[in-house]
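Chains, contacts and geometry: an overview
Each chain, written out:
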Number of protein chains: 4
Amino acid sequence: MWNKKRLAHIVFDSDDRESRLFDIVLLILILSSVTVAILDSVQSLREKYGDLFYILELTFTFLFTLEYILRVWLTSKTFKYVTSFFGLVDLLAILPVYLSFFVANTQLLSVIRALRLLRIVRVLKLGRYLAEADFIGDSLKASAAKIQLFLFSVLTIVLIMGTVMFVIEGPEHGFTSIPVSMYWAIVTLTTVGFGDITPSTPFGQFMASIIMLLGYAIIAVPTGIVTSEMAKRKKVSHYESLKSCTHCSFDAIEEGDNFCRKCGSRVD
Amino acid sequence: MWNKKRLAHIVFDSDDRESRLFDIVLLILILSSVTVAILDSVQSLREKYGDLFYILELTFTFLFTLEYILRVWLTSKTFKYVTSFFGLVDLLAILPVYLSFFVANTQLLSVIRALRLLRIVRVLKLGRYLAEADFIGDSLKASAAKIQLFLFSVLTIVLIMGTVMFVIEGPEHGFTSIPVSMYWAIVTLTTVGFGDITPSTPFGQFMASIIMLLGYAIIAVPTGIVTSEMAKRKKVSHYESLKSCTHCSFDAIEEGDNFCRKCGSRVD
Amino acid sequence: MWNKKRLAHIVFDSDDRESRLFDIVLLILILSSVTVAILDSVQSLREKYGDLFYILELTFTFLFTLEYILRVWLTSKTFKYVTSFFGLVDLLAILPVYLSFFVANTQLLSVIRALRLLRIVRVLKLGRYLAEADFIGDSLKASAAKIQLFLFSVLTIVLIMGTVMFVIEGPEHGFTSIPVSMYWAIVTLTTVGFGDITPSTPFGQFMASIIMLLGYAIIAVPTGIVTSEMAKRKKVSHYESLKSCTHCSFDAIEEGDNFCRKCGSRVD
Amino acid sequence: MWNKKRLAHIVFDSDDRESRLFDIVLLILILSSVTVAILDSVQSLREKYGDLFYILELTFTFLFTLEYILRVWLTSKTFKYVTSFFGLVDLLAILPVYLSFFVANTQLLSVIRALRLLRIVRVLKLGRYLAEADFIGDSLKASAAKIQLFLFSVLTIVLIMGTVMFVIEGPEHGFTSIPVSMYWAIVTLTTVGFGDITPSTPFGQFMASIIMLLGYAIIAVPTGIVTSEMAKRKKVSHYESLKSCTHCSFDAIEEGDNFCRKCGSRVD
């Protein structure tokens, strides 16, 4: 029973007790290893528990390496898996420790260590069975073209407003260059408002007010796009509850229809 | 007439003059005691009116204790009430003063004093008759799975962006650890933008801009979820009130129609 | 032709050339007087043009006084006008200058001077003919009960979160009292994020993150309420385009109806 | 084949290989010249690559001048093009370099240099074939009257709140004049929250809390307006595609139906 095919089912699917157990154990391992990586970045904790973190990290890497080898061995399409998005993420999740043996440069090391946190992306793979994920994903995908266009318009406003503020306020008030002014315009238009750069001249404050009111009005646009897309999608799912015609098997007989609108036969 | 059953009705229900009066008196007591607890936390007011606050606090505690004993005595399911959420809140609302007699540690005392403010939760119990609360509550409950998934996706973005900013900006610009970087990413993505930590390097400001625009685009998602849920809720309740014509089976006879508007036959 | 009745029409209505001209002149006067009051508050401008501002202010007050006397004289219901909301605003708009003759206290004077800006409220009176104002006003009024309940829930969250942060961070990190902590919680939950008070302890930053994500999720609620209310309102206005039955004058015959659903007579 | 008419087609239209190629080359030129102008504003880059930037700028100006002359020569309505919005933008995009030969004043020069960035507006012209742009543009145009009214109401709130905060907090806490107070009110109401000016008195913080909660509640209004407008736009386009049955006048025959689902008669 524990042949290669059964093993592949446990590793790749998620529809019976063993395969679901595998997913849950994997989920716990991923979340634990991410937690350890996060805590390891805190100076005070690292000084105290650095050795423990290192041992845990080695253990996690060993287990994930085992899992990666298992996946490569079990899959029928090795090349496709290795070059797929999640295949690359699986590989990147185990590389850091191995790379750290060969690298001495501390700055590069910190980048490599950070790579470990990419493991969190693997959790998304486990979410592929959720209908809610499909709903949100589909709504966003259908809105993508509109949101892209919207973001482009926002960038145009940001460029123009950033330039205007650069000319008005100038380097002496913190708007040192157009890129910095654009950064300020994004901070303002998205209503984040850090306050690290703020207008000081009356005219600058006047222009900033206009940008803020503009941001207030256009924040409605992405919301409107996604909401109307979701509302539409709800209506579509309503059609999924329809019956089929017993004569021609047309699949959209609504409540209260007397005749099939494809073949004209009476609906019981 | 003022037997135990009548008293229980007054305390637990809210459908006649006496029981409603009981609720209103209780509401005023709760709000007053919360106000006193809030004012008591202001140093300058406490120095002036500390004694008055203490006397008021003792009075409130005495009245709430009386009410708690009354509830335990009157209810038919004592154990269920005592262990219920609101039963525990009712108990926690009177404990602070009694506990403060035995505790000398000042820091623990301030935590105990803060517990008094939990009384505000009791107000929610009085709001259980509002239809509006049901509407908002139901819409949020129906959206819960989607909002949970959304928050999880947001946390993944926060983790990745926090790590990226930790690597780019580093401890010398305030991003002292990954948890702190994640705190900054949440502050930025939710458009709060305190400004206690801000990116200083050009590349850090560029990445921050992307996070802000991302936050601007995905703020649409929870809004879209709740809005389309509310809109659906409205529509369903409209269609549920429609009947069908018994003669031609036209399926949109509205309340108060005398004749079918398709075939003209009388509606029963 | 320029009798009292005609004059009352010009002053109170807005449906022919003269009465509309009166409204426009009034609008310009109000906006000019408000602009002067705003500029008068700027120290540097006041030092330069203080005398000019004072003369203009006297002129505006004279004109508005004339208008107020005219309104009191022309209206048929003097008492009702004087005690109405807009009647009081009209009076408050002219009082400041007269009061300033009798008041020597500078602080009280600055409050009185500020009262002049209430004149802007008078502009709203001129907007009473706009259909758009009705649409937004009606949508908000219909949502009022739900938004009130929502604001109350927000205040409960603010109270609990403010207390929690007061206990965690304490006076040494700027959370000097529960009211100040609640002010911070509102600043955070509404995503304003001034940054005048920010959490410094890791646990405080963790709790703040939860508040921010909460604010991010519940910002959807008021939007959902108003949007679904507006969408419903659109549908209602669709019914306004319906025809009337020629037989029983029932006023909701829809496109495509064969028979009146009230009296059963055939629709032409 | 390369006569004037063909050339005009290539320059002004975008429906075959050559004309589309012209648009793409133009798009790349515009984006490159904007990028150079942005980088040129960064002090450190300018010191290093100033000469390269100047040569590139001259090249771009030469090409855009060529294009402008081409457009003026090719169009059949020269006057209309030159005085149109995009005609003026095209002209403003090439003027800066020519003007900079005659201007010595450095401050005026920086304004002139900034004008180059207006070129980005030209990109919008290339987006005129996008259906998504129409959808967003139409929704915003249809909402314009309501959004204008909304912004006016917001300005009234801003004026009143700004005045109130000016009176409460006064110049000693940063609210130096009513215009500055109004700037603060906009920063707060739009939830930007820079934190450059913040209330310090308890009463000021209380009023600020009210403004923030107000902003939280009314941010729903523009979102509601645009969303319901977009949802309507979707619904109308759906209902417009429905036909009526010629036999029983049932009014919801969808595209592709063969038989009426009410009476079973064939649809033509």
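Residues numbered from 1 in each chain as written. Chains lettered and ligands numbered in written order. Predicted model: local features only at pLDDT ≥ 70, side-chain atom pairs only at ≥ 80, totals over all residues. Heavy atoms only, no water.

**So, the overall build of chain A**
Our working definition: Strands are runs of DSSP state E lasting at least 2 residues, helices are runs of H or I lasting at least 4, and numbering of each runs from the N terminus. Under the scheme applied here, a residue whose accessible area is under 20% of the maximum for its type counts as buried, over 50% as exposed, and between as partly exposed, the area being computed with a 1.4 Å probe on protein chains only. Contact between two residues is taken to exist if any of their heavy atoms lie within 4.5 Å; hydrogens are not considered. Computed with a 1.4 Å probe, the accessible areas rest on the Shrake-Rupley method; for each residue, only the protein chains presented here act as cover.
Looking only at helices and strands, chain A has 12 helices and 0 strands in total. Going from the N terminus to the C terminus, chain A shows its helices and strands as α-α-α-α-α-α-α-α-α-α-α-α. A total of 268 residues make up chain A; the buried ones form 49% of that total. At a minimum sequence separation of 6, the contacts of chain A that also span at least 24 residues come to 55%. Summing over all exposed atoms, chain A offers an accessible surface of approximately 13,400 Å²; the carbon and sulfur share of this is 67%.

**Things to note about the packing of aromatic side chains**
Heads up, the condition is: In summary, the pairing rule links any two rings of Phe, Tyr or Trp, Trp by its six-membered ring, whose centres are within 6.5 Å, and it sorts them by plane angle into stacked for under 30 degrees, edge-to-face for over 60 and tilted for everything else.
This structure, assessed with the given rule, holds 24 aromatic pairs over all chains. On the numbers, 5.3 Å between centres and 65° between planes, the contact of F85(A) with F86(A) is edge-to-face. Accessibility expressed as a relative area gives 55% for F85(A), which makes it exposed. Residue class for F86(A) comes out partly exposed when judged on its relative accessible area of 26%. When the ring of F194(A) is compared with that of W184(B), the centres are 6.2 Å apart and the planes differ by 25°; the resulting orientation is stacked. With F194(A) in the loop between helix 10 (178–189) and helix 11 (202–218) and W184(B) in helix 10 (residues 178–189), this pair bridges two chains. W184(B) carries the same exposure label as F194(A), and that label is buried. Here a set of aromatic residues connected by ring pairs shows up, and it is made of F175(A), W184(A) and F194(D).

**Focus on the UniProt feature "transmembrane region" (unreviewed entry) in chain A**
All names here are of chain A. What counts, and what does not: UniProt positions are given in the numbering used here, feature names are shortened, and annotations may be inferred rather than shown by experiment.
Look at the UniProt record and you will see "transmembrane region" (unreviewed entry) annotated at residues 21–40, 52–70, 82–104, 147–168, 175–194 and 206–226. Annotated as 70% helix and 0% strand, the span residues 82–104 places its first and last C-alpha atoms 28 Å apart. Between the end C-alpha atoms of residues 206–226 the distance is 32 Å, and the span holds 95% helix and 0% strand.

**With respect to the pattern of salt bridges**
Here is the rule we go by: When a carboxyl oxygen of Asp or Glu is within 4 Å of a side-chain nitrogen of Lys or Arg, the pair counts as a salt bridge.
Scanning the model with the defined rule gives 28 salt bridges over all chains in all. For R116(B), the salt bridge goes to D40(B), with nearest N and O atoms at 3.4 Å. Here D40(B) lies in helix 2 (residues 17–40) and R116(B) lies in the loop between helix 7 (106–115) and helix 8 (120–126), a separation of 76 residues in the sequence. Judged by relative accessible area, R116(B) falls into the buried class, the value being 7%. Counted as one network, the salt bridges with shared partners bring together D40(A), R46(A), E57(A), R116(A) and R119(A).

**Structural notes on a nonpolar patch on the surface**
Residue and element names in this part refer to chain A. Using the following cut-off: For patch building, the residue pool is restricted to those with more than 30% relative accessible area and no salt bridge; the joining distance is 9 Å between like charges and 5 Å between nonpolar side chains (Val, Leu, Ile, Met, Phe, Trp, Tyr).
A cluster of nonpolar side chains, Y54, L58, L92, L95, Y98, L99, F101 and F102, forms an exposed patch at the surface whose accessible area comes to about 750 Å². No other element matches the 3 residues that helix 6 (residues 95–100) contributes to the nonpolar patch. A residue is classified by how much of its surface remains accessible, and L58, at 34% relative accessible area, is partly exposed.

**Some thoughts on the domain arrangement of chain A**
Our working rule: Domain limits in this description derive from either an automatic procedure or a database domain assignment.
When cut into domains, chain A gives domain 1 (4–125) and domain 2 (139–235). For domain 1 of chain A versus domain 2 of chain A, the separation of C-alpha centres amounts to 38 Å.

**Some points on the packing of helix 10 of chain B against helix 11 (residues 202–218) of chain C**
Just so we agree on the cut-off: Throughout, an axis means a line fitted to C-alpha atoms (over the contacting stretch in the case of helices), and angles, computed between N-to-C directions, take values from 0 to 180 degrees. For this classification, under 35 degrees means roughly parallel, over 145 means roughly antiparallel, 65 to 115 means roughly perpendicular, and everything else is oblique. Two helices that cross are described as forming a left-handed crossing if the nearer one is turned anticlockwise from the farther one by less than a right angle, and a right-handed crossing if clockwise. Residues are grouped as follows: Ala, Val, Leu, Ile, Met, Phe, Trp, Tyr, Cys and Pro are nonpolar; Asp, Glu, Lys and Arg are charged; every other residue, Gly included, is polar.
Between helix 10 of chain B and helix 11 of chain C, the least distance of the axes is 10 Å, while the angle of their chain directions is 25°. As judged from the angle between their axes, helix 10 of chain B and helix 11 of chain C are roughly parallel. When the axes of helix 10 of chain B and helix 11 of chain C are compared, the crossing they make is left-handed. Every residue of helix 11 of chain C that contacts helix 10 of chain B at V180(B), Y183(B), I186(B), V187(B) and L189(B) is listed here: Q205(C), A208(C), S209(C), M212(C), L213(C) and Y216(C). Here the residues of the contact of helix 10 of chain B with helix 11 of chain C sort into 9 nonpolar, 2 polar and no charged.

**Topic: the side chain of S177(A)**
Within the element layout of this structure, S177(A) appears in the loop between helix 9 (131–169) and helix 10. Take S177(A): its relative accessible area is 6%, and that puts it in the buried class. Look past the residues within four positions of S177(A) in its chain and what remains in contact with it is F166(A), S41(D) and V42(D).

**A look at the environment of S265(A)**
All names here are of chain A. Mapped onto the elements, S265 comes out in the segment after helix 12 (220–239). Judged by its relative accessible area of 17%, S265 is buried. For S265 and N3, which are 262 residues apart along the polypeptide, the C-alpha to C-alpha distance reads 53 Å.

**Section: the confidence of the model for chain A**
Residues and elements named next belong to chain A. Heads up, the condition is: Known as pLDDT, the predictor's confidence for each residue is given on a scale from 0 to 100.
Across chain A, the average pLDDT comes to 81, with 82% of residues at 70 or higher. Confidence scores differ between elements of chain A, with helix 12 showing the lowest mean pLDDT of 66 and helix 10 the highest of 92. Within the model, the stretch residues 236–241 combines pLDDT values under 50 with 2 contacts to residues more than four positions away or in other chains. In the predicted assembly, ipTM is 0.78 and pTM is 0.81.

**A word on helix 3 (residues 43–74) of chain A**
Residues and elements named next belong to chain A. Spelled out, the test is: Helix span, as expected, comes to 1.5 Å for every residue beyond the first. Two axes are fitted around each residue, one to the seven residues ending there and one to the seven starting there, and the angle between them is reported as the bend at that residue.
The terminal C-alpha atoms of helix 3 lie 41 Å apart, and with 32 residues this falls more than 12% below the ideal 46 Å at 1.5 Å per residue. Where helix 3 bends most, at Y49, the angle is about 80°. Taken together, the buried positions of helix 3 are occupied by F53, E57, F60, T61, F64, T65, E67, Y68, R71 and L74.

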